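# Chain and residue survey
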Amino acid sequence: MEMTGRIAFVSRLSIRDEELWLQALAGALPEENILPVRKIASGDLCGVQIAVVANPDPADIARLTNLKWIHSVWAGVERLVAEPGLAALPIVRLVDPELARTMAEAVLAWTYYLSRDMPAYARLQRQHRWQQLPYRHPAELTVGLLGLGTLGTAAALRLRSAGFNVSGWSRTAKNTDRIERFSGAAGLALLLARADVLVCLLPLTPETHGLLNRERLALMPTGASLIHFARSPIVVVDDLLAALNSGRLSHAVLDVFDVEPLPQHSELWEHPKITVLPHISAPTNKETAAAIVAKNIRDYRSSGVLPRTVAMNHGY
Ligand code: NDP
Ligand code: OXD
């Protein structure tokens, strides 16, 4: 096995953002030659064995005919997994404790936003109304976490430390201290029924696409809220709007959308029960991410063993 050769950076980012990534990667991996794919001479493309990618154009990856594996600097890899041309290539996704910390912070922040009734107080202020709503202690509320992976587990622990009750749902059944865990369709129904705040941190896969539809949203307690930080198609937006408009659900914090940036004409911008966030719940820290990519590539160079790869049969 040849353990040297160029590494291609393949992305559809702006030139500026691409430069920042290349700087961070060069700083973390000075012994490697990492170039944007467009700067690699066509005769040298066949020498590239590793691609570091951020929302890549599959056509660019197809030009790397001897690629051995792909390292995504994003945590969610649903587009790579769904790309037929890439099905045979091992994909490594970003697993970064700093990303998990940032996401856990966001989950706690927006859970407080809902539990301390900030959307209601903002409405009351606009109406010049002085009205005190009952205080709810965190221990009175249950947060249902869909997904208990790297990000979901960090969020669950942060919520527990803040005193919230936490129930989590994952594909495989596990035991975790102080977190009630569910799996399977029956488990999901039980979790939804007790979730005052539902937080979605699932990967987008064929199983999770459209998961939160009318029937499932109807299982949540009246007045419950949703925080969606994963991928838009997991929630059926029309069904969510119906649940908000009918008063079954009280509020939704959405960080992810079918089209990003959210188009100007979208009705979601003006909806009084929706908070629109521009995909900022967990911004990637380029330095910590580059250090993780560097470690994975160095380990591979020295041992020939790939880091943990995405399970293509499960889609995450
Ligand atoms: P992980 O792969 O570590 O965790 C995924 C979790 O979802 C696991 O607990 C897994 O179960 C569970 N899961 C997967 N499929 C199912 C299913 N069919 N039924 C029940 N549970 C399921 O992912 P991460 O925690 O790292 O990331 C989660 C997602 O967060 C990413 O895929 C991405 O879409 C999103 N994200 C969003 C960001 C943002 O800024 N908005 C930033 C980063 C990520 P099990 O434990 O059994 O495997
Ligand atoms: C994501 C990421 O998957 O930013 O959204 O890593």
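Scope of this entry: the structure provided in the associated data block. Because the structure is a prediction, the values reported are computed rather than measured. (Residues numbered from 1 in each chain as written. Chains lettered and ligands numbered in written order. Predicted model: local features only at pLDDT ≥ 70, side-chain atom pairs only at ≥ 80, totals over all residues. Heavy atoms only, no water.)

### With respect to the site of ligand 2
- Surveying the vicinity of ligand 2 reveals the residues W74, A75, G76, R231, H279 and T284.
- In the model, an oxygen atom of ligand 2 is placed 2.8 Å from a nitrogen or oxygen of the G76 main chain.
- Within the side chain of H279, an N or O atom sits 3.0 Å from an oxygen atom of ligand 2.
- The fraction of the free accessible surface of ligand 2 (210 Å²) that becomes covered by protein chains is 85%. (Near = heavy atom within 4 Å. Polar contact = N/O pair within 3.5 Å; in protein donor to acceptor, adjacent residues only side chain to side chain. Areas by Shrake-Rupley, 256 points an atom, 1.4 Å probe, with all protein chains shown as cover.)

### Details of unusual backbone geometry
- A cis geometry characterises the amide bond from E260 onward to P261, with omega recorded as -5 degrees.
- Tracing the sequence through the fold places P261 in the loop between β11 (249-254) and β12 (274-276).
- The backbone of R178 shows a phi angle near 65 degrees, a positive value even though the residue is not glycine.
- With respect to the element layout, R178 can be found in the loop between β7 (165-169) and β8 (180-182).
- Take R178: its relative accessible area is 54%, and that puts it in the exposed class.
- Non-glycine residue H279 carries a positive phi angle of around 50 degrees.
- With respect to the secondary-structure elements, H279 resides in the loop between β12 and α10 (286-303). (Helix = DSSP H or I, 4+ residues; strand = E, 2+ residues; numbered from the N terminus. Buried < 20%, exposed > 50% of the residue type's maximum accessible area, 1.4 Å probe, protein only.)

### Here's the deal with the packing of aromatic side chains
- Summed over all chains, the structure comprises three aromatic pairs.
- Where W110 meets Y113, the ring centres are 4.9 Å apart and the plane angle is 75 degrees; that geometry is what we call edge-to-face. Of this pair, W110 and Y113 are both found in helix α4 (residues 97-115), three residues apart, which corresponds to roughly one turn of the helix.
- Take Y113: its relative accessible area is 17%, and that puts it in the buried class.
- Their ring planes at 55 degrees and their centres at 5.7 Å tell us that Y112 and F164 sit as a pair that is tilted. (Phe/Tyr/Trp six-rings, centres within 6.5 Å; stacked < 30°, edge-to-face > 60°.)

### Quick word on the site of ligand 1
- Every one of the 27 residues lining ligand 1 counts as a neighbour, but L148, R171, T172, K174 and Y316 are closest to it.
- Within the backbone of L151, an N or O atom sits 2.9 Å from an oxygen atom of ligand 1.
- R231 places a polar side-chain atom, nitrogen or oxygen, 3.3 Å from an oxygen atom of ligand 1.
- Protein coverage of the free-state accessible area of ligand 1, which is 940 Å², stands at 92%.
- Class assignment for the residues of the shell around ligand 1 results in 12 nonpolar, nine polar and six charged. (Nonpolar A, V, L, I, M, F, W, Y, C, P; charged D, E, K, R; others polar.)

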